[in-house]
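# Examining the three-dimensional arrangement
If you want the building blocks of each chain, they are given just below.
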Amino acid sequence: MVELLGAQIARGVNAREVSAREVAEAFLARAVAVDGRVGAYLTLLAERARAAAARVAARVAAGEQLPLAGVPVAVKDNMCLEGTRTTCGSRILEGWIAPYTATAVARLIEAGAVPIGKTNLDEFAMGSSCENSALGVTRNPYDLERVPGGSSGGSAAAVAAREAAIGLGSDTGGSIREPGAFCNLVGFKPTYGRVSRYGLIAFASSLDQIGPLTRSVEDAALAYDVMSGFDPMDATSIDRPVEPAATGLRTDIGGLRIGLVRQFDTQGLGEEIDEAYDRAYHDLQALGAELVDVTLPTADYGLATYYLIAPAECSSNLARFDGVRYGLRVDGADVREMYDRTRAAGFGPEVKRRILIGTYALSSGYYDAYYVRAQKARTLIARDFDAAFAQCDLIACPAASSPAFRFNAKSDPYSMYLMDYYTIPMSLAGLPALSVPCGWVTPDGGSAPMPLGLQLCAPLFGERLLLGAAHAYERLTRHADAHKPALGEVAPT
Amino acid sequence: MSAREKYVPVIGIECHVELKTATKMFCGCPNEFGGEPNTKVCPVCLGMPGALPVPNAAAIEHMIAAGLAFGADIPAFSKFDRKNYFYPDMPKDYQISQYDMPLTQGGEVRYWLDDGTIKSCRLTRIHLEEDTGKSTHAGSGDGRIAGSAYSLIDFNRAGVPLMECVSEPEIHSAQDAVAYLEALRRTLLALGVSDVKMEEGSLRCDANVSVRLADAKELGTKTEIKNMNSFRSVGRAIESEIERQIALLESGGRVVQETRGWDEANGVSVSMRSKEEAHDYRYFPDPDLVPLEISREDVERIRGTLGELPWQRYERYTAEYGIGPKPATQLLDNLSLARYFDRIVAISANPQQSANFVLGDLSRLANENGIAIADSKVSPEHLAELIALVEAKTINSKIAKELLARMWEGAGSPKALVEGEGLAQTSDPAAIEGFVDDVLAANPGVVADYRAGKTNVGGFLVGQVMKASRGKADPALVNALLARKLQG
């Protein structure tokens, strides 16, 4: 049962071949069996999942056909689900119960999805390995000695370990695509503004975007079709019709021009990985695409630009965690001291680092030199993509700078930041992009093969084309099926 | 030359005005004064994690209306910025405000003084922001934060749309400052964009005050005065501060830049804090909100709804109608009264007489009965009729007064009453002479007294004649005839 894809579950539940209750029980049992080793969930929502499954069963019994009927979903713990603990992986929100539900989550549930649990993440989505969570360790199901990626590492691990069929992540600079690549999944970040951010606890508002982590492109398209579209509760959500992606899945990509970014090649991922990506590009050609060279001359400034804009926004977004209204409070002699103590105790080192960087970048006297310049660089990067897309329909490149690494391998913050080298430029430009499994390597002396992700990126609102092409590639290569998670002997359910 | 005359006060006024909208600035909570604490709140105005602001179009239109009324420019683009600082009653620890691209730019407030002098004061800026919650400090006895044991916060007010309106420092007396505020208030009331009630906090104002020697070019050191709860107290506080600063300078001291709180009961201001630690608010464009594009069509549509502004009405009443500054102001300060008055003027030829009736007898009746004139049974058409009757000397003022009292009770057209009851003033000398002769004949003793030099009894005789005519005799004619006959 837990091997089923989201689309298969929905078809089965709608056809009444299997009940939503049975599906929920199977995935809950799987989570109970394996999550002790994986650590994907911060909160398992067993009772809630059963209640949701019962509602789906009743609706299906009443004749409704639901696009995600009975599909178990894992929700990243920076998204609000009314009545559930929503922590952002932080001590400062450890006991906070969300009083409302995020729009994207509400739309999934309305479409028949069943929330199984809230998943671990780097604190406030700041990180690329899940190691910055203050509340737990999440392991990569393909090698428990390695990280699942981040910041949506919990949702990625949950789906990879078959503890949910679809995972919900948020991507600010690569936080869906990188864990997707690390965990042998499709990790899809839609165009900025396509999916409502209402109820997503903000890290960097101008970059954050919710998207799915799935075991197939079709599942990603199904979830996207349900979640996307204008939301009057989010002023940055885009009021423009969504082209459904699930009906646009293709089997070939004949005639498409796919751009390879020239200066990205020099990054030196190592011979084995370089070869894997070369094979991936070759496979795209085999599917009928024409490969063209494109340049993104300013993309190398992406990392520096991102690490000014994102911290600047986060320094303001995270000000509200002050101990006054909710979350952790550490008392002090006066309100000032209460603030200081609460925030000192509540935030971890990476969050503090980014708040400090951002506060500095916005300070009087530095604002023009840092924040304003970063915004200008951001505009230039977006223009580079515009120019590149005049020559091609999609851009292909690696989804991460390496496969999943071992715990504590990136203790220097900058080496961790480099993981998002390939994903940040697309985030700054607001473009839709995904990672899709493209091969396996056995990195740094390990024994288990680890997956690699190919990143595909489309122009703004190009989701249908992007997912369509990724589906053709997935169908041809079937890389995801080559290996199963390394969770040892687990009782079959 | 007195010490006071050596100095020129320089005053700038900063106002915060809560805009009148159905809902708050960035969420759907009701925008209403009062209520049980923390009952008009939602995830957005409580700054809950993940909640997002969505701008209220009505508040933006109110801002544009106010800007247009003050003659400000309405730029095609505007945006919201975050003003970052920590404060317990500010839910997000930043305030959504406007920094370098406010909805309106420039403009001025035209105001006038009791003597009819018209002045204007330029605006430094008007911008839109969200209000904060309200703290109540407990355990210190005096409600101050110093020494308090704990504080309670009510977020009902948090997120209410707030217009900040800052004047240039070009007001030079307490009297002018109050007149400026009155003009600002009546303009916003006329536009319907705010209740502008100081007692409910929908208008809050601070004054920046400094003094300089009359021939000095540079401004003196300013202080900021807070905590005024009425226009009167604004006037008193500014006056007191001017006196304090002059006395300080005259005795060789110097003014310290500080914030002072006005103590209304004792009529003094008290230092609250000296020059604040330099705040760095780290303004930056709010990434949760997209820039505002204001179409010219919208601006023109809103301009079309402004109607006649109070200062325009003031000029019409004074310059065109010749009404004095005080009654003109009295009229336009009560908008429904002014509209009633305008309907009368549209029919009646005599605006001054109309103003006298509306502000005099009619207002008295309204006050006595606790009913607004506009809601009374006296229609503008009937009042115009009454005024026309007086104008034409068909009735005298005494009859007019009596008729008005009956009209108040619902008697309807005064013209019909006059005709039906034969109340028209008697201006026929022969008829009046008959009444005079009768009265003189009936009161020989009084006549004798008068002729003996006790001329003060003349009034009694006039009264008797009026009574005999049932009030209808033209009083001027009665006087003239009596005088002639008594002397004769």
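Residues numbered from 1 in each chain as written. Chains lettered and ligands numbered in written order. Predicted model: local features only at pLDDT ≥ 70, side-chain atom pairs only at ≥ 80, totals over all residues.

### A short note on the sheet that holds strand β14 (residues 284-285) of chain B
Residues and elements named next belong to chain B. In space, the three strands of this open sheet follow the order β4-β3-β14, with antiparallel pairing throughout. The strands lining the two open edges of the sheet, one partner per strand, are β4 (94-97) and β14. Across two bridges, strand β3 (residues 81-84) lies against β14 in antiparallel orientation. When the bridges of β14 are listed, arginine 82 appears paired with phenylalanine 284. (Pairing = 2+ DSSP bridges. Helix = DSSP H or I, 4+ residues; strand = E, 2+ residues; numbered from the N terminus.)

### Looking at the pairing of strand β9 (residues 161-167) of chain B
Note on strand geometry: in a regular strand, side chains alternate between the two faces of the sheet. Residues and elements named next belong to chain B. Among the seven residues that make up β9, five are buried, leaving the element largely enclosed by the rest of the structure. As defined by bridge partners, strand β6 (residues 118-130) adjoins β9 across seven bridges and the pair is classed as antiparallel. Among the inter-strand pairings, glutamate 129 is bridged to a residue of β9, identified as leucine 162. (Buried ≥ 20, exposed ≤ 12 C-beta atoms within 10 Å, placed from the backbone.)

### So, helix α5 (residues 153-160) of chain A
With eight of eight residues buried, α5 of chain A lies mostly within the body of the structure. Residues of α5 of chain A that are buried include every one of Gly153, Gly154, Ser155, Ala156, Ala157, Ala158, Val159 and Ala160 of chain A, and no others.

### Considering the interface of chain B and chain A
Think of interface size as the accessible area that goes away when the parts come together; that is how it is often given. Taken together, the contacts link 25 residues of chain B with 32 residues of chain A. Classifying every residue of the side of chain B that touches chain A by side-chain character gives 16 nonpolar, three polar and six charged. (Contact = placed C-beta atoms within 7 Å. Nonpolar A, V, L, I, M, F, W, Y, C, P; charged D, E, K, R; others polar.)

### Things to note about the nonpolar core
Grouped together as the largest cluster of nonpolar side chains are 276 residues, with contacts concentrated most on Val73, Val114, Leu394 and Leu456 of chain A together with Ala177 and Tyr180 of chain B. In terms of residue count, the dominant contributor to this core is helix α3 (residues 174-191) of chain B (eleven residues). Formed by ten residues, the second largest nonpolar core is a distinct cluster that contains Phe435, Val439, Val478 and Leu481 of chain B. (Core = buried A, V, L, I, M, F, W, Y, C linked by C-beta atoms within 7 Å.)

### Quick look at the sheet that holds strand β10 (residues 433-441) of chain A
By way of backbone hydrogen bonds, the strands of a sheet pair with one another, either parallel or antiparallel. Residues and elements named next belong to chain A. If you walk across this open sheet you meet the eleven strands as β1-β3-β2-β4-β6-β5-β10-β11-β9-β7-β8, and the pairing is mixed. Since the sheet does not close on itself, it has two edges, and those belong to β1 (41-44) and β8 (290-294), each with one partner. Neighbouring strand axes in the sheet, compared pairwise and without regard to direction, differ in orientation by 30° on average. Of the pairings in the sheet, the one linking strand β2 (residues 72-76) to strand β3 (residues 114-119) comprises five bridges and is parallel in character. Each bridged residue has a counterpart across the sheet, and for alanine 74 the counterpart in β3 is glycine 117. Packed onto the sheet, helix α8 (residues 271-286) meets β7 (257-261), β8, β9 (394-398), β10 and β11 (450-457) and runs at close to 120° relative to β10. (Axes fitted to C-alpha atoms, helices over the stretch in contact; angles between N-to-C directions.)

### What to know about unusual backbone geometry
The step from glycine 150 of chain A to serine 151 of chain A runs through a cis peptide bond, and the omega angle for that step is 5°. Mapped onto the elements, serine 151 of chain A comes out in the loop between β3 and α5. The residue phenylalanine 124 of chain A is not glycine, and still its phi comes out positive at about 50°. Not every positive phi belongs to a glycine, and aspartate 93 of chain B is a case in point at roughly 60°. Summarising the element assignment, aspartate 93 of chain B is placed in the loop between β3 and β4. The class for aspartate 93 of chain B is buried, based on 21 C-beta atoms found within 10 Å.

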